[in-house]
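Breakdown of the fold
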4 protein chains.
Amino acid sequence: MSKIDKVVLAYSGGLDTSVIVRWLQDTYGCEVVTFTADIGQGEEVEPARAKAQALGVKEIYIDDLREEFVRDFVFPMFRANTIYEGEYLLGTSIARPLIAKRLIEIANETGADTISHGATGKGNDQVRFELGAYALKPGIKVIAPWREWDLTSREKLMQYCEQHKIPVDFSNKKKKSPYSMDANLLHISYEGGVLEEPWAEAEEDMWRWSVSPEAAPDQPTYITLAFEKGDPVAIDGERMSPATLLEKLNKLGGANGIGRLDIVENRYVGMKSRGCYETPGGTILMKAHRAIESITLDREVAHLKDELMPRYAKLIYNGYWWSPERRMLQAAIDESQAVVNGEVRLKLYKGSVSAVGRRSADSLFDERIATFEDDAGAYNQKDAEGFIKLNALRLRIAAGKGRDLI
Amino acid sequence: MSKIDKVVLAYSGGLDTSVIVRWLQDTYGCEVVTFTADIGQGEEVEPARAKAQALGVKEIYIDDLREEFVRDFVFPMFRANTIYEGEYLLGTSIARPLIAKRLIEIANETGADTISHGATGKGNDQVRFELGAYALKPGIKVIAPWREWDLTSREKLMQYCEQHKIPVDFSNKKKKSPYSMDANLLHISYEGGVLEEPWAEAEEDMWRWSVSPEAAPDQPTYITLAFEKGDPVAIDGERMSPATLLEKLNKLGGANGIGRLDIVENRYVGMKSRGCYETPGGTILMKAHRAIESITLDREVAHLKDELMPRYAKLIYNGYWWSPERRMLQAAIDESQAVVNGEVRLKLYKGSVSAVGRRSADSLFDERIATFEDDAGAYNQKDAEGFIKLNALRLRIAAGKGRDLI
Amino acid sequence: MSKIDKVVLAYSGGLDTSVIVRWLQDTYGCEVVTFTADIGQGEEVEPARAKAQALGVKEIYIDDLREEFVRDFVFPMFRANTIYEGEYLLGTSIARPLIAKRLIEIANETGADTISHGATGKGNDQVRFELGAYALKPGIKVIAPWREWDLTSREKLMQYCEQHKIPVDFSNKKKKSPYSMDANLLHISYEGGVLEEPWAEAEEDMWRWSVSPEAAPDQPTYITLAFEKGDPVAIDGERMSPATLLEKLNKLGGANGIGRLDIVENRYVGMKSRGCYETPGGTILMKAHRAIESITLDREVAHLKDELMPRYAKLIYNGYWWSPERRMLQAAIDESQAVVNGEVRLKLYKGSVSAVGRRSADSLFDERIATFEDDAGAYNQKDAEGFIKLNALRLRIAAGKGRDLI
Amino acid sequence: MSKIDKVVLAYSGGLDTSVIVRWLQDTYGCEVVTFTADIGQGEEVEPARAKAQALGVKEIYIDDLREEFVRDFVFPMFRANTIYEGEYLLGTSIARPLIAKRLIEIANETGADTISHGATGKGNDQVRFELGAYALKPGIKVIAPWREWDLTSREKLMQYCEQHKIPVDFSNKKKKSPYSMDANLLHISYEGGVLEEPWAEAEEDMWRWSVSPEAAPDQPTYITLAFEKGDPVAIDGERMSPATLLEKLNKLGGANGIGRLDIVENRYVGMKSRGCYETPGGTILMKAHRAIESITLDREVAHLKDELMPRYAKLIYNGYWWSPERRMLQAAIDESQAVVNGEVRLKLYKGSVSAVGRRSADSLFDERIATFEDDAGAYNQKDAEGFIKLNALRLRIAAGKGRDLI
């Protein structure tokens, strides 16, 4: 066991990470620095201070990272219309690189030689935290208690708390949930419990951020979302900061039953896992971003983006945000977004979001050419013959030489 | 103008293609063979016989291609989770290669040297018809009247009808629609009219196949869809033929307001065009196919499919179904589907379809490993350390040599 | 035939384009502006002035574009290790966008409404010229005489010269070659003649830029090539301008029999065509660029570049240099090249070029880790077990559920 | 340490794996089964029997796998023109899955619960062996002595031999080489020694399979290679078995100085490593396969293969031969090869191999269309105008709306 002096711990203030504080102090005889971030999870972060102090922590960091999270992580990702495995909007994945970055910044500030986190050895989050940390500070040491200790059940954890006099807040609602949850401004996720049986339907009372489509209003809500360089900047004409805007979209989406998802996904560590997600604002944003791109992007650029996207999504899911290949893809994606400006009108209704209108000073939609009416010569239909003939040439030569396609 | 003896025409029985029959006869002095197919467009095809006869056509083909359409075109396409430009389920595109194939088969049977169709010179369908025809019979000639004649407005067409005594059925509802429509078992599409302004919302009474989400039942509908080798074979335990199954899904989807889409898409001929689509059954099928794949496909196979899909979609959209590169991709896709067996439980409600359960004898979901509870050693959490360390090695070496990622 | 006022013609000074000058004047009654560029084809361009004057041309442009050609077109392309169809270094393709750009610039300067060129209707060059022109000036008109006129044989051309008193230089060696040739600083190409039979070997005396490997020196030549940001900047420590450097590499390669290529390639217009190429400097540069990247690029960046390359090559081959999708790919490629600095030592010998050494201040090669000897703990071999175990997990689960891979 | 009963060891008969036999017996108290394969490494395998017997091994497998190796591994890989990182022909990588498969087959036959190998913890081979083993028999245990023991230097190994009376053959030339070498019918590789300095040139006497280009004959050698379904079947008209054919190509290539390579490559475990390779037959085969494909493959199929290739190469390099994603790609590749039949004429000369002729009954090369001479109407040059116009349309619309590409 290598010598550890000071550890920066990603600290939620909850039971598990409180146990980790004490366990690190006891096991490694080291000082613990706690870092608690508000990334929009919807819980107060300030109470973490008193809890950390009670555990003897002297250096306590509590940061509001909401704007940075949305501006520098969520929005760049949405520029690529990023979806993992056809469904998942990467709500958990995209928060991890920001946490990793802050852990390293704090390690640099406090002279800590080690970071620690509360992610288990079965999941993706350990990978995302640690790849990020190693990429940003190659000599950093990492302690992942869940991979080391023998507190492998809730009973053992509670016993540990009792032995070490760690106060347990039995009124905490989240802890009583049968699900393992995670939340930030982009989404809330649910795993475990009955979800471990993929045939079982999630219970209605599991969902926390959205009403059921059944309970949504009987009248649709229309909004207009404005974009600049691929990022949303205003709702119904009102400019907002990134975090404010996403929070507003979450409320609008949640009130209309939008953004629920129930999937089985493939983890980077090699197993399949069932997850349920609520991403109300992100679901609206995805639809809107595709719609504004549909009139402003060149066709081949749009297609290239679509072909690169699954790889980009996989990078983020697997924890490679802080990597040169992600930067390389981001350079291509960002290059495409300078022209993605304009407005999209959206209809939110009982679980669905539809783009019903889109307009832009950068629109490439050319009604003169597209029209079914007389186009006054804007497009010469006879050109199509040569276009088809030469595109068919290789196929005709092959067929003429006896190649059979049926 | 090259000598034409006999032309096989894709004949709907409607005004436009009736004019084409006469125009071909007059302009080329050739015999016209008509071919009318039922691909589920929802209109009787038999009346086309009398109309063709009235125009002096002697060889009249009227085929019910619904089963072939769904079995050999729609289902193979859905095996790839095919979506064009992130949204469009390719309802029009996938019907064209079947029409092209039958045109060529009939040309071979009747000794025709030419085919003809009623697609305009601005659209994708001309390309799809003609690429298919050339690929299957390289010496075939093609006449595309809309690229040749001067009947460029409805007025001129009506005048032509009057001059040539072609009966015009003014009671035909479809003709009075302000939209250009196309339908088959997979979808119905709308273009033109107010849709030519991308900011304008489609009118509610445009939609024909689905009720609005507002008008859908207040109770969700649950169905179970069974798959074999990637294709759906039964609904709620009842086995059905491909066309019957898709028709049933269309009814279920339509009744629950599912499958409406409003997009601006990029045509192969180079322009952007606004289209609205209703694809009720296809929307359900897409969701269900992804869900059954989520528990039966290997992760890397799933990701490879996702990366190949945009290219496969583009091939079909652009008219290259009958091409060796489509066959090559299909071979890869089909190789992956042998294990895609099992059942998906779906919830249909007010415009949304959700997968709420999935099960399969070929499931790779391993609850022993995935569980948050004690896994009895099925997974060794300590393996994760080495996994992360070696995946991070290249990043650490780079960071150690001063490469900066922020 | 639309009204043409003034045409800018890509004018080589040779027979064909001289005929075009006169034919344009006669056929369209328009003024002709000639544009002749030195892009390193190895022939004097100044004589084109007198020839153009003799044909009555008043506005004559003669430009030395060699530095711009290599700096802004050849080098950016080589950053991607660009090869078309596994073999072809795109020597012709990469010169065309520069010509197209100058044609449009001159059209803007002279107020011309039209451009013209001497490329045939069967080849790729017409596409490259015209796509570039349309992309840079959408209202430009294009006249491609070879697609219009009836001077379809050499005899008819000569007859036309006689009738119109166009002087024919019978001493011109190039014209007597049985091959159609094209040259610039990157390569010289040969098509036609006996090459139209793909089984026939090219004759030794066809090759002009390189000695045969047989005739190359019996002693190898070693050179050291220095790179900055992915571009070569010095040979054996001597800094040179881009064009000077490539010219020097051509001489070194040619003297050692390097860079001959004999292939059948697929043209964009749909046919296969046999071509022979000499690319002495480019062949050396490709090898060297890969070698300097091998120690400076991150693995995943290198692999991403390799996967994007065929598409990038195809874009350039097909004439889409001036397109937003090429810019998007270039942004990704260029992002990767900031660290591609250092030196490569090369051995040139009888037709082969080998990289025998590479070094860089940005090297990621870590001998401490890579060594077969004791590495003093730089790498923990036990990490490999977890790495392999988790990478194998999905395969083990599948095999455990009966999936059979053999 | 889990209980081990019987281990199948990949046994070369050399010093290292002889030590492993004894170490396994001593450390685990288990029975050892040895497996020695002839995959064309050029050394007798039969002597391994006596050595194994001397170590007390009772179950000894000695197999000639040369034909299976070339037929089922090398040739399928070459169908894809597989090259890793632009240079490496994967000679080591492609042999490992065959060894893994035999290890598992022998484990099944002998009732062994474990396999073992002599690969180090730093390299790719451990990954390839173990991923293959786990994929084919998920419950198998693996012992990798180099990751476990403390015999980390040659001195310690020799000491171990002395202590355990393992005979050391000091006459063995290979052992005295300063390089770590590996050979099979496809190639021989060199690592370590002076190669650990990437700037240092490999010494001439390192190379074993090929003469230097300097020492190659002054006259070129011409051969004709015949292909069926993408695989080579005959040299100069003489049909040969796969292994015989590759052996013959190795001799021809080696005699002409063909197939030497000196690179720095990226290992799967995360480090860069210098390697030198001789792949004489494979280098010829690669050139020839591309040449026969150049006249028989459709353009888009060829391009799709080129885009998939880097990923396929990476799979093999990283050890995923036995995976469903490799099978999926193989299905696509093999689908393309049915038409890859015909002959290629090659010139071998002083280190270079050139394709100088290619012919096939399945050729798509159409001299009627490709000709520079009068084509009697086979190709209508006027078609090119429409082809270009519509391909340019999106670019013209964008330029017309002010998009600037320069």
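Worth saying up front: this structure is predicted, and the values here are computed from it rather than measured.

Focus on the interface of chain B and chain A
In this assembly, 108 residues from chain B lie in contact with 108 residues from chain A. Carbon and sulfur atoms make up 56% of the area that chain B and chain A hide from each other, which totals about 9,900 Å². The largest contributions to the chain B side of the interface with chain A come from W199(B), K272(B) and L405(B), which together make up 9% of the buried area. Applying the counting rule to chain B against chain A returns 12 salt bridges. In this structure, D262(A) and R358(B) form a salt bridge, with 3.1 Å as the shortest nitrogen-oxygen distance. Applying the counting criterion to the chain B and chain A interface returns 49 residue pairs in polar contact (both at pLDDT 80 or more).

Observations concerning helix 1 (residues 15-28) of chain C
Every α-helix winds through 3.6 residues per turn, so residues three or four apart in the chain are directed the same way. Residues and elements named next belong to chain C. If you check helix 1, its first and last C-alpha atoms are 20 Å apart, about what 14 residues at 1.5 Å a residue would give, namely 20 Å. Judged by how many residues are buried, helix 1 sits mostly within the fold: 11 of 14 residues are covered. Of all the positions in helix 1, only L15, T17, S18, V19, I20, V21, R22, W23, L24, Q25 and Y28 are classed as buried. With its phi angle positive at about 55°, G29 sits one or two positions after the end of helix 1.

Describing the interface of chain D and chain C
Of the residues lining the interface, 108 residues belong to chain D; the matching set on chain C comes to 108 residues. Linking chain D with chain C are 12 salt bridges. The residue E325(C) makes a salt bridge to R394(D) at a minimum N-O spacing of 2.7 Å. The interface formed by chain D and chain C includes 49 residue pairs in polar contact (both at pLDDT 80 or more). The dominant element in the side of chain D that touches chain C, judged by the number of residues it contributes, is helix 14 (residues 383-400) of chain D, at 12 residues. Residues belonging to the side of chain D that touches chain C are distributed by class as follows: 45 nonpolar, 20 polar and 43 charged.

What to know about the pattern of salt bridges
Taken as a whole and judged by the stated rule, the model has 152 salt bridges over all chains. Measuring nitrogen to oxygen at the nearest pair gives 3.4 Å for the salt bridge that ties K347(B) to E214(A). Separated into two different chains, K347(B) in strand 13 (residues 342-349) and E214(A) in the loop between strand 7 (188-191) and strand 8 (221-228) make up a pair that spans both. Relative accessible area serves as the criterion here: at 12%, K347(B) is assigned to the buried category. Where D262(D) meets R274(D), a salt bridge forms, and the shortest distance between an N and an O atom there is 2.6 Å. Within this pair, whereas D262(D) is found in strand 11 (residues 260-266), its partner R274(D) is found in strand 12 (residues 272-278), the two being separated by 12 residues in sequence. One network of salt bridges, with partners in common, ties together D63(A), E68(A), K101(A), R102(A) and E105(A).

Some remarks on the confidence of the model for chain A
Confidence in the prediction for chain A averages 95 pLDDT; 98% of positions are at 70 or higher. Interface predicted TM-score (ipTM) for the complex: 0.96; the corresponding pTM is 0.97.

Observations regarding the relation of the copies chain B and chain A
Rotating chain B by 180° and moving it 0.0 Å along the rotation axis overlays it on chain A with an RMSD of 0.0 Å. Expressed as a symmetry operation, the mapping of one chain copy onto the other fits a two-fold axis. Most of the interface of chain B is mirrored in chain A, where 100% of its interface residues are also at the interface.

Quick notes on the sheet that holds strand 13 (residues 342-349) of chain D
Residues and elements named next belong to chain D. Sheet architecture is open: 5 strands sit in the order 10-9-8-13-14, paired in antiparallel fashion. The open sheet has two free edges, formed respectively by strand 10 (238-239) and strand 14 (352-359), since each of these has just one partner strand. Taken strand by strand, helix 9 (residues 242-255) contacts strand 8 (221-228), strand 9 (231-235) and strand 13, and its axis lies near 70° from that of strand 9.

Overview of the packing of helix 5 (residues 125-136) of chain D against helix 11 (residues 299-318) of chain D
Residues and elements named next belong to chain D. Following both chains from N to C, one finds helix 5 and helix 11 inclined at 90°, their axes separated by 8 Å at the closest point. The orientation of helix 5 relative to helix 11 falls into the category roughly perpendicular. From helix 5, V127, R128 and L131 reach across to helix 11, where they touch I316, Y317 and N318. Looking at the contact of helix 5 with helix 11 residue by residue, the class counts come to 4 nonpolar, 1 polar and 1 charged.

A word on the UniProt feature "domain: Arginosuccinate synthase C-terminal" (unreviewed entry) in chain A
In the numbering used here, UniProt assigns the "domain: Arginosuccinate synthase C-terminal" (unreviewed entry) feature to residues 179-397 of chain A. Along residues 179-397 of chain A the backbone is 38% helical and 24% strand, and the end-to-end C-alpha distance reaches 61 Å.

Let's talk about the relation of the copies chain D and chain C
Overlaying chain D on chain C yields an RMSD of 0.0 Å, the required transformation being a rotation through 180° with an accompanying axial translation of 0.0 Å. In this assembly the copies share their binding face: 100% of the residues contributing to the interface of chain D also contribute to that of chain C.

Quick look at the side chain of T114(B)
All names here are of chain B. Of note, T114 is situated in strand 4 (residues 114-116). Using a relative accessible area of 0% as the deciding quantity, one classes T114 as buried. In this structure the side chain of T114 is engaged in a polar contact, spanning 3.0 Å, whose partner is the side chain of D113. In contact with T114, other than residues within four places in its own chain, are I4, K6, V7, V8, I140, K141, V142 and I143.

As for the pairing of strand 9 (residues 231-235) of chain A
The buried fraction of strand 9 of chain A is high, at 5 of 5 residues. Here strand 8 of chain A folds back onto strand 9 of chain A in antiparallel fashion, the turn holding 2 residues, of which K229(A) has a positive phi close to 50°.

Some details on the environment of I369(B)
Relative to the helices and strands, I369(B) resides in helix 13 (residues 367-370). Overall, I369(B) belongs to the buried group, its relative accessible area being 4%. A C-alpha to C-alpha distance of 28 Å links I369(B) and K347(B), two positions 22 residues apart in sequence. Dropping the residues within four chain positions of it, I369(B) is found in contact with K122(A), M271(A), A378(B), Y379(B), L393(C) and I397(C).

Let's talk about the packing of aromatic side chains
Remark: the centre distance and the inter-plane angle together describe each pair of aromatic rings, the angle taken between the planes. All names here are of chain A. Applying the stated criterion to the full structure yields 50 aromatic pairs over all chains. Plain terms: the ring middles of Y88 and Y277 are 4.3 Å apart, the flat faces sit at 25° to each other, and that makes the pair stacked. With a gap of 189 residues between them, Y88 in the loop between helix 3 (66-78) and helix 4 (96-110) and Y277 in strand 12 (residues 272-278) connect regions that are remote in the sequence. What makes Y88 buried here is its relative accessible area of 3%. Y277 gets classed as buried once you look at its relative accessible area, which sits at 2%.

Details of the environment of F78(C)
All names here are of chain C. Its location among the elements puts F78 in helix 3 (residues 66-78). Note on F78: relative accessible area 3%, which makes it buried. Remark: the alpha-carbon pair of F78 and P232, spanning 154 residues in sequence, is separated by 9.9 Å. With residues near it in sequence (within four places) discarded, F78 still touches L186, G282, L285, M286 and H289.

Rules of the game
- By convention here, each chain's residues receive numbers from 1 onward along its written sequence.
- For this description, chains carry letters from A and ligands carry numbers from 1, given in the order in which they are written.
- Two thresholds apply to this predicted model, a pLDDT of at least 70 for residue-level local features and 80 or more for giving and counting side-chain atom pairs, whereas whole-chain, interface and lining totals are computed over all residues.
- Values reported for side chains reflect all heavy atoms of the structure, with hydrogen atoms and water molecules removed beforehand.
- Residues count as neighbours in contact if any of their non-hydrogen atoms are within 4.5 Å of one another.
- The buried area of a pairing is the accessible area, by a 1.4 Å probe, that goes missing from both parts when the two are put together, added over both.
- Only one rule defines a salt bridge in this text: a Lys or Arg side-chain nitrogen within 4 Å of an Asp or Glu carboxyl oxygen.
- N or O atoms closer than or at 3.5 Å make up a polar contact, with two conditions inside protein: a donor-capable atom paired with an acceptor-capable one, and, for residues adjacent in sequence, both atoms drawn from side chains.
- Here a helix means four or more residues in a row that DSSP labels H or I, a strand means two or more in a row labelled E, and each is numbered from the N terminus.
- Here, expected helix span is obtained from the residue count minus one, scaled by 1.5 Å.
- Burial status follows relative accessibility: with a 1.4 Å probe on protein chains alone, a residue under 20% of its type maximum counts as buried, one over 50% as exposed, and anything between as partly exposed.
- Gly falls in the polar group here, along with every residue not listed as nonpolar (Ala, Val, Leu, Ile, Met, Phe, Trp, Tyr, Cys, Pro) or charged (Asp, Glu, Lys, Arg).
- pLDDT is defined as a per-residue confidence score from the predictor, taking values between 0 and 100.
- The superposition of copies rests on a least-squares fit of C-alpha positions from residues with pLDDT of 70 or more in both.
- Should DSSP find at least two bridges between two strands, the strands are taken to pair.
- Fitted lines through C-alpha atoms give the axes, limited to the stretch in contact for helices. The angle between two N-to-C directions lies from 0 to 180 degrees.
- Relative orientations are named as follows: roughly parallel for angles under 35 degrees, roughly antiparallel for angles over 145 degrees, roughly perpendicular for angles from 65 to 115 degrees, and oblique for any other angle.
- UniProt positions are given in the numbering used here, feature names are shortened, and annotations may be inferred rather than shown by experiment.
- Stacked, tilted and edge-to-face pairs are distinguished by plane angle, under 30 degrees for stacked and over 60 for edge-to-face with tilted covering the rest, among Phe, Tyr and Trp rings (Trp via its six-membered ring) whose centres lie within 6.5 Å.

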